[in-house]
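# Report on the structure
Read off the chains here:
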Amino acid sequence: MSDNGITGIREVTVVGGGVIGASWAALFLARGLAVTVSDPQPGVDETVRGHIAQAAPALSALGLDTSDLTARLAFVPDLADAVRAADLVQENGPERLEVKHAMWRTIEEHAPAGALFATSTSGIPTTEIATVLKAPERLVVGHPFNPPHLVPLVEVVPGERTSPETTERARAFYQALGKRPQVLRKEVPGFVANRLQSAIFRECVHLVSQGVVTMQELDDIVTSSLGQRWAVAGPFRSFHLGGGDGGLPHFMSHLGTGMERRWAEMAEEEVAFDERTRQLLTEQVKDFGGSVADLAAARDRRQIAVMRALGEGYDG
């Protein structure tokens with residue numbers, strides 16, 4: 001990182017010290033930025049430091065220097081004080097609009113006039129959050145995929161009044177950070193990745209609740225088929241290739257009717273986290289064979305292997 005930081009950003013305030021906020025903090029620190037975490041919860045400093053320590057091996061494996069990772073880390077519980085010197089505010093507060101409104105009122109009042117404002121919200125539109133701002137053009141969604149220090153995607157979602165300059169500034173920063181930012185052309189609740197995830201998970205829950213497969217069997221099916229395929233070619237390119245020499249037009253002409261019929265049948269399915277389904281899914285968790293921490297570590301190791309194979313990583 002140069003003396004000017006990353007695209008002019010040197011000081012970052014991470015609002016919220018939960019899993020997402022701590023993961024962002026780990027990446028920002030590993031990229032040489034100074035990070036202030038603001039969260040009034042007791043013991044948040046210990047929690048965040050623990051998450052950063054867990055993230056360090058993955059960051060190191062992807063090419064970043066993680067020595068003295070927390071040397072530029074500070075904790076300031078008072079939000080007004082925490083944002084006073086920020087070049088970037090990355091907000092990761094609760095997914096409740098009234099809470100975000102209160103946070104952003106305070107942030108706007110006390111942050112420098114040139115600070116970039118980004119929210120990690122997983123589904124609330126920028127336009128709704130920005131209604132309390134005097135300068136709504138400053139706010140943009142910078143939605144990561146969990147965990148942010150590892151998974152490349154950041155969905156950059158401007159609101160109705162977000163300025164093109166803010167959108168481009170956010171995109172350029174995340175790209176220089178080593179992420180894969182994607183600017184969405186239109187606001188939609190849940191954005192893109194979470195909508196896809198929700199649609200797929202709906203059918204996953206249905207198949208398990210109907211006894212077609214267990215959770216572990218379904219996971220095995222996905223990781224040995226769609227997961228591998230979509231890691232190298234997304235759904236549209238995959239179906240384009242599935243159409244042979246005729247590509248996607250041939251696929252739609254010859255197989256589209258069957259897929260439409262399946263869509264209609266699936267739309268009629270009743271899927272919900274009712275008591276029976278909750279109990280079934282909870283009982284099958286034991287089949288994963290490990291603690292959450294152990295499973296997360298194994299996931300991260302495999303994720304890094306996939307990223308290396310695809311040439312993804314941080315250049316240090």
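An account of the accompanying structure is given in this report. Note that the structure is a prediction, hence the values are computed from the model and not measured. (Residues numbered from 1 in each chain as written. Predicted model: local features only at pLDDT ≥ 70, side-chain atom pairs only at ≥ 80, totals over all residues. Heavy atoms only, no water.)

Turning our eyes to something else, we now look at the overall build of the protein chain. Along its length, the protein chain carries 13 helices and eight strands. Taking 2.2 N^0.38 as the reference for a compact globule, 316 residues should give roughly 20 Å; the C-alpha atoms of the protein chain span a radius of gyration of 21 Å, in line with that estimate. Taken over the C-alpha atoms alone, the protein chain extends approximately 60 × 45 × 45 Å along its principal axes. Residue burial in the protein chain is summarised as follows: out of 316 residues, 42% are buried. Taking all contacts inside the protein chain whose residues are at least 6 apart in sequence as the whole, residues at least 24 apart take part in 71%. In the form shown here, the protein chain has an accessible surface area of approximately 17200 Å², with 54% of it arising from carbon and sulfur atoms. Charged side chains in the protein chain number 30 positive and 40 negative. The centres of these two groups are separated by 3 Å. (Helix = DSSP H or I, 4+ residues; strand = E, 2+ residues; numbered from the N terminus. Rg over C-alpha atoms; globule rule 2.2 N^0.38 Å. Buried < 20%, exposed > 50% of the residue type's maximum accessible area, 1.4 Å probe, protein only. Contact = heavy atoms within 4.5 Å. Areas by Shrake-Rupley, 256 points an atom, 1.4 Å probe, with all protein chains shown as cover. Lys, Arg positive; Asp, Glu negative; His and termini not counted. Charge placed at Lys NZ, Arg CZ, Asp CG, Glu CD.)

For the peptide bond that leads from Asn146 to Pro147, omega is 0 degrees, which places it in the cis range. With a phi close to 50 degrees, Asp68 is a non-glycine residue in the positive phi region. Topologically, Asp68 is positioned in the loop between helix 2 (44-61) and strand 3 (73-75). At Phe191, a residue that is not glycine, the phi angle is positive and equals roughly 60 degrees. Summarising the element assignment, Phe191 is placed in the loop between strand 8 (180-183) and helix 7 (193-209). On the accessibility criterion, Phe191 (1% relative accessible area) is buried.

This structure, assessed with the given rule, holds one cavity of 30 Å³ or more. Here the residues of the lining of the largest cavity sort into four nonpolar, two polar and one charged. (1 Å grid on protein atoms, 1.4 Å probe; cavity = no way out; pocket = protein on both sides within 12 Å on 5 of 7 lines; lining within 4 Å. Points joined across faces, edges and corners; volume = space filled by probe spheres on them. Nonpolar A, V, L, I, M, F, W, Y, C, P; charged D, E, K, R; others polar.)

This next bit is on a nonpolar patch on the surface. Together, Val192, Leu196, Ile200, Val222, Leu226 and Trp230 make up a nonpolar patch on the protein surface, roughly 470 Å² of accessible area in all. Position of Leu226 relative to the elements: it lies in helix 9 (residues 226-232). (Patch = residues over 30% accessible without salt bridge, like charges linked within 9 Å, V, L, I, M, F, W, Y side chains within 5 Å. Salt bridge = Lys/Arg side-chain N within 4 Å of Asp/Glu carboxyl O.)

Turning to the sheet that holds strand 3, a few remarks are in order. In space, the eight strands of this open sheet follow the order 3-2-1-4-5-6-7-8, with mixed pairing throughout. Of all the strands in the sheet, the pair left with one neighbour each is strand 3 and strand 8. In this sheet, neighbouring strand axes are inclined to one another by 25 degrees on average, regardless of whether the strands run parallel or antiparallel. With four bridges joining them, strand 4 (residues 88-91) and strand 5 (residues 116-119) adopt parallel strand pairing. Within the sheet, the bridge partner assigned to Leu88 lies in strand 5 and is Leu116. On top of the sheet, helix 6 (residues 164-177) reaches strand 4, strand 5, strand 6 (139-144), strand 7 (153-158) and strand 8; it is set at about 175 degrees to strand 7, its chief contact. (Pairing = 2+ DSSP bridges. Axes fitted to C-alpha atoms, helices over the stretch in contact; angles between N-to-C directions.)

Put simply, side chains in a regular strand alternate between the two faces of the sheet. Judged from the four bridges that link them, strand 7 and strand 8 form a sheet pairing that is parallel. From the neighbouring strand, Val154 faces strand 8, where its bridge partner is Pro181. A crossover links strand 7 with its parallel partner strand 8, the connecting element being helix 6, and its sense is right-handed. (Right-handed = clockwise from strand over helix to strand, strands pointing away.)

What follows covers the nonpolar core. The biggest cluster of nonpolar side chains holds 40 residues, and the ones touching the most others in it are Phe28, Phe173, Tyr174 and Leu177. Elements with a minimum of two residues in this core: strand 1 (11-15), helix 1 (19-30), strand 2 (34-38), helix 2, strand 5, strand 7, helix 6 and helix 13 (292-309). The element best represented in this core is helix 1, accounting for eight residues. Phe28 has contacts with Val12, Val14, Leu33, Val35, Leu88, Gln90, Phe173 and Leu177, leaving out every residue within four places of it along the chain. Counting 18 residues, the second-largest nonpolar core is a separate cluster that includes Ala86, Ile129, Val132 and Leu139. (Core = buried A, V, L, I, M, F, W, Y, C linked by side-chain atoms within 4.5 Å.)

With that settled, the discussion passes to the side chain of Lys100. For Lys100, the position within the fold is in helix 4 (residues 97-110). A polar side-chain atom of Lys100 sits 3.5 Å from the main-chain carbonyl oxygen of Pro94. Sequence-distant contacts of Lys100, defined by excluding residues within four places in its chain, comprise Glu91, Gly93, Pro94, Glu95, Thr119, Thr121, Ile124 and Ile129. (Polar contact = N/O pair within 3.5 Å; in protein donor to acceptor, adjacent residues only side chain to side chain.)

Our next topic: the pattern of salt bridges. Counted according to the given criterion, the structure contains seven salt bridges. Measuring nitrogen to oxygen at the nearest pair gives 3.0 Å for the salt bridge that ties Arg84 to Asp81. Given a relative accessible area of 46%, Arg84 falls into the partly exposed group. On the accessibility criterion, Asp81 (43% relative accessible area) is partly exposed. Of the charged contacts, one joins Arg171 and Glu168 as a salt bridge, the two residues approaching to 2.7 Å between their closest N and O atoms. Taken together, the positions of Arg171 and Glu168, both in helix 6 and three residues apart, correspond to about one turn of that helix. Given the relative accessible area of 23%, Arg171 is considered partly exposed. Classification of Glu168 by relative accessible area gives partly exposed; the value is 40%. Among the charged side chains, a salt-bridge network with shared partners connects Glu91, Glu95 and Lys100.

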